[in-house]
Amino acid sequence: MAHIGKIILNKGWLAARSTEVDLTGVELTTTHPPSSSPTSLPWMEAHVPGTVLATLLKNKLVPDPFYGLNNESIIDIADSGREYYTFWFFTTFYCKPMSSQHVDLNFRAINYSAEVYMNGHRRVLPKGMFRRHTLDVTDILHPDGQNLLAVIVYPPDHPGKIPPEGGQGGDHEIGKDVATQYVEGWDWMAPIRDRNTGIWDEVSFSITGPVKIVDPHLVSLLFDGCTRAYLHATTELVNQSSSVAECDLIIQVTTELEGNICLVEHLREEHLSILPGAHVQYTFPKAFFYKPNLWWPNGMGKQSLYNVEISVEVKGFGESDSWSHPFGFRKIQSDIDSATGGRLFKVNEQPIFIRGGNWILSDGLLRLSDKRYKTDIKFHADMNFNMIRCWGGGIAERPEFYHYCDIYGLLVWQEFWITGDVDGRGVPISNPDGPLDHDLFLLCARDTVKLLRNHPSLALWKLDEIENLTEELPPVLKDPSQYLDGTRIYIQGSMWDGFANGKGDFTDGPYEIQNPENFFKDEFYMYGFNPEVGSVGMPVAATIRATMPPEGWQIPLFNELSNGYVEEVPNPVWDYHKYIPYSKPNLVHDQILHYGTTKDLDDFCLKAQLVNYVQYQALLEGWTSRMWSKYTGVLIWKTQNPWTGLRGQFYDHFHDQTAGFYGCRSAAEPIHVQLNLDTYFIEVVNTTANILSNVGIEVSIWDLDGDCPYYKVSEVLSVPCKRTVPVIEMEYPKSRNPKPVYFLLLKLYNVSDYSILSRNFYWLHLPGGDYKLLEPYRNKTVPLKITSQTTINGSSYEIRMHVENTSKKPETRNRLYKNNFFDSNGDKDFCMSSSETVQSHKEQQVNFLQRMSWNFSGEPDGLSAEEMNGSETGVAFFLHFSVHASKKDQKEGEDTRILPVHYSDNYFSLVPGEVMPITLSFEAPSGVTPRVKIQGWNYQATHSVQ
């Protein structure tokens, strides 16, 4: 008997353009299957899951559309016709079930329609990018188990044309189909030439017995302050046999304890009879849980997950099918806040201040993977975000995306394939009635709900046709799991129902550079919840060199206007990649030029990182300053790009973070100390449900000479839960002789043990000034000592460091210099004091105009320390770690970065005597020795320690 379960078909696919294949689907899957030989034209290795364009790129038949201006040389479907991007896909698989078993062939998504041929038999996959297809292939399997499968995939019916001037969604024709809309291009995205045609999601076959399980629905209802919970479960069952099936239906709920031990929390068995060919719905008796471990969003608590398994055993056969899914007990409520008019979310009866971002999709060629999703979502959690909005012009995100949102605590606002620009607005005015086939749209929406509804992270649906989606359901049902989805709210648009002005008007944004202090001003944004506010997103120089030819390395021209403002003129490659300037003539002076004249690409990108950090730190701190008094939340437009774009991102397409990533990470801490850039009051933010008691604030100002002209410690404080409280004014700018440029270090700490709750660092200038004095500061050589511990597990590396500014001994009044951060999860860093007693010191004199780097080719798990001597006292400013492959034959300009890397912090600064713990984790490619580099404003590159 073949094993019951699902087998994924993600390898061994071939592809060919349909116009180059003279054979029919019947012939391809019977007498003339294609050869897998690489010279067997027109067949090539396919990218499945993926798109036609991903397959062409894989075989180097098109240039990389994300590099330079390459996309312009790839023929657009509007010019080639749909036939050019209509492709055959072919594979083989082995499946030889027993006579009593049944086999389904499953396509989790294709774009846009397809015909399936298997062993000479034809099936049709109807239109719609966001629907699952299941084909019963039991009767057409080959007797010897060797099966031939060919699929011809057709592009969207209305791929549209790209106007010369571009635009939001091209000519909007794509909106007539139920498909993703960004593919005709946007102000942040170049057009996708094949409109994402292809088998873009998982293909599998599943083997079951006489009865199969279909789309179980799990719902938890919590009561009595979330101390009591009921689990409701309903599943569909299909009897595929010709006789009555006597079934035992079993539901089991387990939780994992330490040491891979599972505890059974609930087990129930029900008997039922299912008539031949019947499709029935069965609802289990509700299961009671007392004080379940709750699932919380990021920053509010743990993401506790149970495993729910449903299985069906058939008399005379045994186990016929099984299904399992991680499940979180949580209660999500949402309404419009009476105080602010903004959309208010509550999780487990606790209000949650939303700080998150807008998401398009992971990759514009739909090369989606579990590994990439894990990095994407963990990055959002690392920024201390608690919500992701899946924008309607993108895709219905995949279960793997939601899986990691469940694990890392990201609430998800999922939209359904409609945008204002393509469905009612835009130039030319687009069709306001959405796709031509409303029934198809609703079918895809219902199927998407069934696919995703069991994820605790899913918080909100955006759908314009809510009533039509739910009208098929009876008005009253006894069990909530019998509804399509009755536990989440639906809203009609991103600027309705408590978002923006709540009336659907264009009241989100802005989307460009701002003066940092403006984010704190009362008039900056008038409504309670901003669903989209965006700004700059320049990556590091290495990314520019890796994604553009040398003509794309030219920095913008800075044209000074008659009114003193500067207009940036980017090179054509940057313009094509949607670069957004760091100036806004008549409103915002060029923020990069605040740091002085830019010399070259490296200089420009480094100064851009300074601006990125300040811009996004101020954005989130400005919103948080008015938490609950004016605002209920904000979502940044946007967190990342699905290609090598140059705006609105916190990490690039290679997964290298910008400094804006760490500005957000700091500003969105659940407990945070910050400077209000408008009032210059120091504020304490407490987003948690607990009162902060017995805490204090340390305030220190450091000048460019390394002196501390201003030092203050607050009185012992108590901060109410879910409040932002102004505490003391930062008076240094009003002092007798303030320096024109200075550094501000804030620390919120527990008075009892001096553990740090929040550390925040600013570089500031006096009103009307700039940062040009930082330019000569780059030559200041400040000594550092770095103690590191490396753990290697296969290809996985974890490096724990203590970075110390040794230019001056800590002052006796300062007991916080070691930055012993309070760890609510109990995950303590290695002990600095103990490590100092066992390490071997290697002291070297180093010129700080060189790079400092570490090669980890020695023994794992050991401690090492480096002391890099400098001659001056001062702040070690804007330190930035990176990890590289150590290569003997490295070519000049070669990109050696190992990505992604998860950093506990980066782009950080240390005042004299201060110590900072930093953790790096990453996967190194096989056979590669990683090397860690540190650079900074006054550390421009490096030296080797092991």
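The residue numbering used here restarts from 1 in each chain and proceeds along that chain's sequence as written. Two thresholds apply to this predicted model, a pLDDT of at least 70 for residue-level local features and 80 or more for giving and counting side-chain atom pairs, whereas whole-chain, interface and lining totals are computed over all residues. Side-chain metrics in this entry use all non-hydrogen atoms of the structure; hydrogen atoms and water are not considered.

- The protein chain is annotated in an unreviewed UniProt entry as Mannosylglycoprotein endo-beta-mannosidase of Heracleum sosnowskyi.
- UniProt positions are given in the numbering used here, feature names are shortened, and annotations may be inferred rather than shown by experiment. Looking at the Sequence similarities (unreviewed entry) heading of the UniProt record, one finds this comment for the protein chain: "Belongs to the glycosyl hydrolase 2 family."

## So, empty space enclosed by the protein
- Buriedness of a pocket was judged along seven lines, with at least five required to meet protein on both sides within 12 Å; pockets are open sets of points on a 1 Å grid over the protein atoms alone, cavities are sets where a 1.4 Å probe fits but cannot get out, and lining residues have an atom within 4 Å of a point. Grid points are joined across faces, edges and corners, and a volume is the space filled by probe spheres set on the points. Overall, the coordinates contain five cavities of 30 Å³ or more when judged by the stated rule.
- Quantified by volume, the largest cavity comes out at close to 120 Å³.
- Lining the largest cavity are 15 residues; nearest its centre among them are Met300, Ile352, Phe353, Asn386 and Thr687.
- Note that Gly is not counted as nonpolar here; it falls among the polar residues with everything else outside the nonpolar set of Ala, Val, Leu, Ile, Met, Phe, Trp, Tyr, Cys and Pro and the charged set of Asp, Glu, Lys and Arg. Counted by class, the lining of the largest cavity contains eight nonpolar, five polar and two charged residues.

## Side note on the UniProt feature "domain: Exo-beta-D-glucosaminidase Ig-fold" (unreviewed entry) in the protein chain
- The positions UniProt marks with the feature "domain: Exo-beta-D-glucosaminidase Ig-fold" (unreviewed entry) are residues 873–938.
- Numbering of helices and strands starts at the N terminus; helices are DSSP runs of H or I of at least 4 residues and strands are runs of E of at least 2. Secondary structure across residues 873–938 divides into 0% helix and 47% strand, with the first and last C-alpha atoms of the span separated by 12 Å.

## Observations regarding the sheet that holds strand β25 (residues 458–462)
- A pair of strands is labelled paired if DSSP reports no fewer than 2 bridges between them. The strand order β26-β25-β24-β23-β22-β30-β27 describes an open sheet built from seven strands, whose pairing is parallel. Looking at which strands have only one partner, the edges of the open sheet turn out to be β26 (489–491) and β27 (529–534). In this sheet, neighbouring strand axes are inclined to one another by 25° on average, regardless of whether the strands run parallel or antiparallel.
- Two elements, β25 and β26, share three bridges in a ladder whose sense is parallel. Every axis corresponds to a line fitted to the C-alpha atoms, with the helix fit spanning only the stretch in contact, and the corresponding angles, defined between N-to-C directions, vary from 0 to 180 degrees.

## Thoughts on helix α4 (residues 370–382)
- Here the expected span of a helix is defined as 1.5 Å times the quantity of residues minus one. Compared with the 18 Å implied by 1.5 Å per residue over 13 residues, the 18 Å span of α4 between its first and last C-alpha is a close match.
- Restricting attention to buried positions, one finds in α4 the residues Arg372, Tyr373, Thr375, Asp376, Ile377, Phe379, His380, Ala381 and Asp382.
- A positive backbone phi angle near 65° is found at Asn384, which sits one or two residues after α4. Under the scheme applied here, a residue whose accessible area is under 20% of the maximum for its type counts as buried, over 50% as exposed, and between as partly exposed, the area being computed with a 1.4 Å probe on protein chains only.

## Some thoughts on the layout of surface pockets
- In this model, the second largest pocket occupies a volume close to 1400 Å³.
- Contributing to the lining of the second largest pocket are 40 residues, with Lys6, Arg132, Asp215, Trp323 and Leu451 lying nearest its centre.
- For the lining of the second largest pocket, the leading source of residues is strand β18 (residues 318–327), giving six residues.
- Grouping the amino acids of the lining of the second largest pocket by side-chain chemistry returns 12 nonpolar, 13 polar and 15 charged.

## A word on the nonpolar core
- The biggest cluster of nonpolar side chains holds 254 residues, and the ones touching the most others in it are Leu105, Met730, Trp763, Leu774, Phe877 and Phe881.
- Examining the composition of this core, we find that 13 residues originate from one element, helix α10 (residues 601–625), more than from any other.
- We define a nonpolar core as any set of buried Ala, Val, Leu, Ile, Met, Phe, Trp, Tyr and Cys residues linked to one another through side-chain atoms lying within 4.5 Å. One finds Val347, Trp413, Phe499 and Leu635 within the second-largest nonpolar core, a separate group that totals 15 residues.

## Regarding the pattern of salt bridges
- For salt bridges, the criterion is a side-chain nitrogen of Lys or Arg within 4 Å of an Asp or Glu carboxyl oxygen. Using the criterion set out here, one finds 49 salt bridges in the structure.
- With a shortest N-O distance of 3.5 Å, Arg17 and Glu20 are connected by a salt bridge.
- Here Arg17 falls in the buried class, since its relative accessible area comes to 10%.
- Glu20 gets classed as partly exposed once you look at its relative accessible area, which sits at 41%.
- Connected through shared salt-bridge partners, Lys6, Arg108, Asp201, Glu202, Arg398 and Glu400 make up one network.

## Topic: unusual backbone geometry
- At the junction of Val48 and Pro49, the peptide bond is cis and its omega measures out at 0° in the coordinates.
- By the secondary structure assignment, Pro49 is in the loop between β3 (44–45) and α2 (52–58).
- You will see that Leu366, though not glycine, has its phi angle at about 55°, which is positive.
- Considering the arrangement of structural elements, one finds Leu366 in the loop between β22 (354–359) and α4.

## Description of the sheet that holds strand β8 (residues 133–136)
- Pairing is antiparallel across the open sheet formed by four strands, whose spatial order is β1-β10-β5-β8. Here the strands that pair on one side only, and so sit at the sheet edges, are β1 (5–8) and β8. Going across the sheet, the axis of each strand differs from the next one's by a mean of 25°, ignoring polarity.

## A short note on α10
- Taking 1.5 Å of rise per residue, the 25 residues of α10 would be expected to cover 36 Å, and the 35 Å separating its terminal C-alpha atoms lies within 8% of that figure.
- We call two N or O atoms a polar contact when they sit within 3.5 Å, provided that within protein one can donate a hydrogen and the other can accept it, with sequence-adjacent residues counted only if both atoms are side-chain atoms. Where α10 begins, the capping side chain belongs to Asp600, and its oxygen is found 3.3 Å from the backbone nitrogen of Asp602.

## Thoughts on the packing of aromatic side chains
- Stacked, tilted and edge-to-face are the three classes applied to pairs of Phe, Tyr and Trp rings, where Trp contributes its six-membered ring and a pair requires centres within 6.5 Å; stacked means planes under 30 degrees apart, edge-to-face means over 60, and tilted covers the rest. Enumeration according to the criterion identifies 65 aromatic pairs in this entry.
- Ring centres 6.2 Å apart and planes at 70° place the aromatic pair Phe66 and Trp643 in the edge-to-face group. Highlighted residues: Phe66 in the loop between α2 and α3 (77–80) and Trp643 in the loop between β30 (633–637) and α11 (659–667), separated in sequence by 577 residues. Comparing Phe66 with Trp643, the two get one shared label, buried.
- Centre to centre, the rings of Trp391 and Trp637 are 5.6 Å apart; their planes meet at 75°, and the pair counts as edge-to-face. One end of the pair, Trp391, is in the loop between β23 (387–390) and α5 (399–408); the other, Trp637, is in strand β30, and 246 residues separate them in sequence.
- Residue Trp391 is classed as buried on the basis of its relative accessible area, which comes to 6%.
- Trp637 sits in the buried class, given a relative accessible area of 10%.
- Against the face of Trp553 rests Arg545, its NZ or CZ located 5.6 Å from the ring centre. Put simply, a charge is over a ring when the Lys NZ or the Arg CZ is close to the ring centre, within 6 Å, and near the line of the ring normal, within 35 degrees.

## Looking at a nonpolar patch on the surface
- Together, Leu257, Ile261 and Leu263 line one region of the surface with nonpolar side chains, adding up to about 260 Å² of accessible area.
- Along the polypeptide, Leu263 turns up in strand β14 (residues 262–274).
- The exposure class of Leu263 is partly exposed, given its relative accessible area of 39%. Like-charged residues are merged into a patch within 9 Å and nonpolar side chains (Val, Leu, Ile, Met, Phe, Trp, Tyr) within 5 Å, provided each residue has over 30% relative accessible area and no salt bridge. For every accessible area listed, the method is Shrake-Rupley and the probe measures 1.4 Å; residues are considered covered only by the protein chains on display.

## Points about the environment of Gln492
- Relative to the elements of secondary structure, Gln492 occurs in the loop between β26 and β27.
- As for Gln492 and Trp461, which are separated by 31 residues in sequence, their C-alpha atoms are 8.7 Å apart.

## Structural notes on the side chain of Ser666
- For Ser666, the location among the structural elements is in helix α11.
- At a separation of 3.3 Å, a polar atom in the side chain of Ser666 contacts the side chain of Asn760.
- Should any heavy atoms of two residues lie within 4.5 Å, those residues are considered in contact. Residue contacts for Ser666: discarding those within four places in its chain leaves Tyr613, Gln617, His672, Arg759 and Asn760.

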